[in-house]
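Observations on the model geometry
So the chains spell out like this:
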Amino acid sequence: DFTPNFDGNTLEPAVLPTAFPNLLVNGSAGIAVGMATNIPPHNLREVVDATLHVLTHRDTDEDLTEEVLRIVPGPDFPTAAFVHGRHGIEQAYRTGRGTIQLRARAEIEKLGKDRETIIVTEIPYQVNKAKLLEKIGELVRDKRIEGISDLRDESDRTGMRIVIDLKRNEVAQVVLNNLYKHTVLQTSFGIILLSIVGNRPKVSSLLELIELFIDFRRDVVRRRTEFELQKAKAR
């Protein structure tokens, strides 16, 4: 279907005939009056596998929700890091709403006999690295976090690398736990699977979103075939 564009000058497609579940793969975030959507990005292969499974098992008695949760274990964020715990993911995929905890990937390395260093190689989704470093510097300056002697950003084109050197005889795990607590090295992401379904906003489960995509795709292929048939008949 074509609709007028923003100034009514021309017509534009109401939707684009995407060949894969774009809303789930790329994710989406937006706020409107009294409602919001926050769909995290997902792994392309997992989403396509789940879609194919639903497509071929829709008419069976199989519990598709459980199978979809098995094929798509969780979101796939481009900045990597960890999703801490499974409860939030399952709740979001079953009900359309849930909160997940994201935690940076940090490793502790030895620096000589009595010193350790914390290396951060992945940070949570939508966290600004420069602001994170600034915040850690503030906490050290205000003495809210003790034990850090130096903070460096050694990131380059091969990847991210934040180095946090500790003072002598400091326990790295304690410092790291304090960093998780006071900075965005650990953060939460609220999932709301809200989309426009039949011209109305609706919160859907993961399975419902996949089924809606299959129905949409079937409609696109049918209309494309009818269009090509009409052209062939006219010729």
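The structure we're discussing is the one just above.
Here we summarise the structure given alongside this text. (Residues numbered from 1 in each chain as written. Predicted model: local features only at pLDDT ≥ 70, side-chain atom pairs only at ≥ 80, totals over all residues. Heavy atoms only, no water.)

1. Here's the deal with the overall build of the protein chain
The secondary structure content of the protein chain amounts to 7 helices and 13 strands. Taken over C-alpha atoms, the radius of gyration comes to 24 Å for the protein chain, far larger than the 18 Å a tight globule of 235 residues would show. Along the three orthogonal principal directions, the C-alpha set of the protein chain runs to about 80 × 50 × 35 Å. Buried residues in the protein chain amount to 33% of all 235 residues. In the protein chain, of all internal contacts separated by at least 6 residues, the share reaching a separation of at least 24 is 56%. Put simply, the protein chain shows about 14600 Å² of open surface, and 51% of that area lies on carbon and sulfur atoms. For the protein chain, the separation between the mean place of its 33 positive charges and that of its 34 negative charges on side chains is 3 Å. (Helix = DSSP H or I, 4+ residues; strand = E, 2+ residues; numbered from the N terminus. Rg over C-alpha atoms; globule rule 2.2 N^0.38 Å. Buried < 20%, exposed > 50% of the residue type's maximum accessible area, 1.4 Å probe, protein only. Contact = heavy atoms within 4.5 Å. Areas by Shrake-Rupley, 256 points an atom, 1.4 Å probe, with all protein chains shown as cover. Lys, Arg positive; Asp, Glu negative; His and termini not counted. Charge placed at Lys NZ, Arg CZ, Asp CG, Glu CD.)

2. Considerations on the pairing of strand 4 (residues 35-39)
Note: strand 3 (residues 28-32) against strand 4, 5 bridges, orientation antiparallel. By the bridge assignment for strand 4, Ala 32 is matched with Met 35. Hairpin connection between strand 3 and strand 4: a loop of 2 residues separates the two successive antiparallel strands, and Gly 34 in this loop has a positive phi of roughly 75°. (Pairing = 2+ DSSP bridges.)

3. Observations regarding the side chain of Glu 116
Here Glu 116 is to be found in strand 8 (residues 115-122). Overall, the relative accessible area of 17% leaves Glu 116 in the buried class. Among the polar contacts listed, one links the side chain of Glu 116 to the backbone nitrogen of Ala 172, at a separation of 3.1 Å. Setting aside residues no more than four positions away along its own chain, Glu 116 makes contact with Ile 108, Glu 109, Lys 110, Leu 111, Asp 165, Leu 166, Glu 170, Val 171 and Ala 172. (Polar contact = N/O pair within 3.5 Å; in protein donor to acceptor, adjacent residues only side chain to side chain.)

4. A short note on helix 7 (residues 206-234)
With 29 residues, helix 7 ought to run about 42 Å at 1.5 Å a step, and its terminal C-alpha atoms sit 42 Å apart, in line with that. Listing the buried residues of helix 7 in full gives Leu 206, Leu 207, Leu 209, Ile 210, Phe 213, Ile 214 and Val 220. Looking at the buried positions of helix 7, the neighbouring elements they touch are helix 1 (22-26), helix 2 (44-57), helix 3 (64-71), helix 4 (87-95) and strand 12 (194-197). (Expected span 1.5 Å × (residues − 1).)

5. Concerning the packing of aromatic side chains
Enumeration according to the criterion identifies 4 aromatic pairs in this entry. Both rings, one in Phe 213 and one in Phe 216, keep their centres 6.5 Å apart while their planes meet at 45°; by these two values the pair is tilted. One end of the pair is Phe 213 and the other is Phe 216, both in helix 7 and 3 residues apart, which spans about a single turn. Phe 213 sits in the buried class, given a relative accessible area of 12%. Judged by relative accessible area, Phe 216 falls into the partly exposed class, the value being 25%. Through pairs of rings, three or more aromatic residues link up here, namely Phe 77, Tyr 125 and Phe 189. Lying across the ring of Tyr 180, Arg 103 places its NZ or CZ 4.2 Å from the centre. (Phe/Tyr/Trp six-rings, centres within 6.5 Å; stacked < 30°, edge-to-face > 60°. Lys NZ or Arg CZ within 6 Å of the ring centre and 35° of its normal.)

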